[in-house]
Amino acid sequence: SQQGEEDPQALSIQEGENATMNCSYKTSINNLQWYRQNSGRGLVHLILIRSNEREKHSGRLRVTLDTSKKSSSLLITASRAADTASYFCATGGRGKLTFGKGITLSVRP
Amino acid sequence: SAVISQKPSRDICQRGTSLTIQCQVDSQVTMMFWYRQQPGQSLTLIATANQGSEATYESGFVIDKFPISRPNLTFSTLTVSNMSPEDSSIYLCSVEWGLSSYNEQFFGPGTRLTVL
């Protein structure tokens, strides 16, 4: 069964704006990871947040985790055209990750 | 983090043929995995490539269709056998990095396969 479900499924914003993407999951987790995929290429690992963490930052990325609501959000601040990609959340471990369907982000120049 | 390379990056194949995809990691890793991403879909785990023993397949995937080799701790191959157009997908190699229970998982650049 699908563990991660992202929303919205597609997001279009203007360059410079912030983009917020949400992920919900069904069962308890050890950690949650966010990935970016450009034009059907490989996945780029963005960030891992542990179940005992509530917020994590990496450059222009901010990830939050609310285990009581079984949800996570990825915020990209000051978006750039190069951020145009699909974004996935994934739960699980030991290599056995379960992915959501992904969010397609378009950043208009 | 681990740097992962895959060959080929893409291929167009005829139905009924087989293709072997190679995955090379720049460091020794215990666990390597193969995933499939069908067009417009998310990723699905095919199998865990075990060094020195047979791969462990997920439900819906069988060794005859997707034989896997793992001769050492930095290399693995996935073969897609007797291909049909339904096998057109991106195939990705992946490794788990770290020794804790919060290990990051990294992916290769993928192999885009089109079966005619």
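Residues numbered from 1 in each chain as written. Chains lettered and ligands numbered in written order. Predicted model: local features only at pLDDT ≥ 70, side-chain atom pairs only at ≥ 80, totals over all residues. Heavy atoms only, no water.

## What to know about unusual backbone geometry
- Geometrically, the link from Lys7 of chain B to Pro8 of chain B is a cis peptide bond, its omega value of -10 degrees lying close to zero.
- One non-glycine residue with positive phi stands out, namely Lys70 of chain A, at about 50 degrees.
- Mapped onto the fold, Lys70 of chain A is located in the loop between strand E7 (61-66) and strand E8 (71-76).
- The phi dihedral of Ala78 of chain A falls on the positive side, at around 45 degrees, and the residue is not glycine.
- Turning to its location among the elements, Ala78 of chain A is positioned in the loop between E8 and strand E9 (85-93). (Helix = DSSP H or I, 4+ residues; strand = E, 2+ residues; numbered from the N terminus.)

## Describing the state of the cysteines
- Counted according to the given criterion, the structure contains two disulfides over all chains.
- Each disulfide pairs two cysteine sulfurs, and for Cys23 of chain A the partner residue is Cys89 of chain A, the sulfurs being separated by 2.0 Å. On the sign convention where negative is left-handed, the bridge of Cys23 of chain A and Cys89 of chain A, at about 70 degrees about the S-S bond, is right-handed. Linking Cys23 of chain A in strand E3 (residues 19-24) with Cys89 of chain A in strand E9, this pair joins segments that are 66 residues apart in sequence. The two residues Cys23 of chain A and Cys89 of chain A agree in class, both being buried.
- Covalent S-S linkage joins Cys23 of chain B and Cys93 of chain B, the inter-sulfur distance amounting to 1.9 Å. For the disulfide bridge between Cys23 of chain B and Cys93 of chain B, the dihedral angle about the S-S bond is near -65 degrees, and by the sign convention the bridge is left-handed. Residue Cys23 of chain B is found in strand E3 (residues 19-25), and its partner Cys93 of chain B is found in strand E9 (residues 89-97); the two are separated by 70 residues along the sequence. The two residues Cys23 of chain B and Cys93 of chain B agree in class, both being buried. (Disulfide = S-S within 2.5 Å. Buried < 20%, exposed > 50% of the residue type's maximum accessible area, 1.4 Å probe, protein only.)

## So, the interface of chain B and chain A
- Across the contact, 24 residues belong to chain B and 23 residues belong to chain A.
- The contact between chain B and chain A buries some 1,800 Å² in all, and 50% of this surface belongs to carbon and sulfur atoms.
- For the interface between chain B and chain A, the tally reads one salt bridge.
- Measuring nitrogen to oxygen at the nearest pair gives 3.5 Å for the salt bridge that ties Lys96 of chain A to Glu58 of chain B.
- At the boundary of chain B with chain A, the tally comes to nine residue pairs in polar contact (both at pLDDT 80 or more).
- Among the elements of the structure, strand E4 (32-37), strand E5 (43-49), E9 and strand E10 (104-107) of chain B are those that each provide at least two residues to the side of chain B that touches chain A.
- A per-element tally of the side of chain B that touches chain A places E10 of chain B first, with four residues.
- Of the residues in the side of chain B that touches chain A, the class split is eleven nonpolar, nine polar and four charged. (Contact = heavy atoms within 4.5 Å. Buried area = accessible area lost by both parts, 1.4 Å probe. Salt bridge = Lys/Arg side-chain N within 4 Å of Asp/Glu carboxyl O. Polar contact = N/O pair within 3.5 Å; in protein donor to acceptor, adjacent residues only side chain to side chain. Nonpolar A, V, L, I, M, F, W, Y, C, P; charged D, E, K, R; others polar.)

## Some thoughts on the sheet that holds strand E6 (residues 55-58) of chain A
Residues and elements named next belong to chain A.
- Overall, antiparallel pairing links the five strands, which are arranged E1-E3-E8-E7-E6 in an open sheet. Only two strands of the sheet have a single neighbouring strand rather than two, namely strand E1 (5-7) and E6. Mean inter-strand twist for the sheet, computed between neighbouring axes without regard to direction, equals 20 degrees.
- With six bridges joining them, E3 and E8 adopt antiparallel strand pairing. Following the sheet pairing, Ser24 is matched in E8 by Ser71. (Pairing = 2+ DSSP bridges. Axes fitted to C-alpha atoms, helices over the stretch in contact; angles between N-to-C directions.)

## Details of the environment of Glu86 of chain B
Residues and elements named next belong to chain B.
- By the secondary structure assignment, Glu86 is in the loop between strand E8 (75-80) and E9.
- Each C-alpha atom of the pair Glu86 and Ser59 lies 17 Å from the other, and the pair is 27 residues apart in sequence.
- Side-chain polar atoms of Glu86 contact the side chain of Ser84, separated by 2.9 Å.

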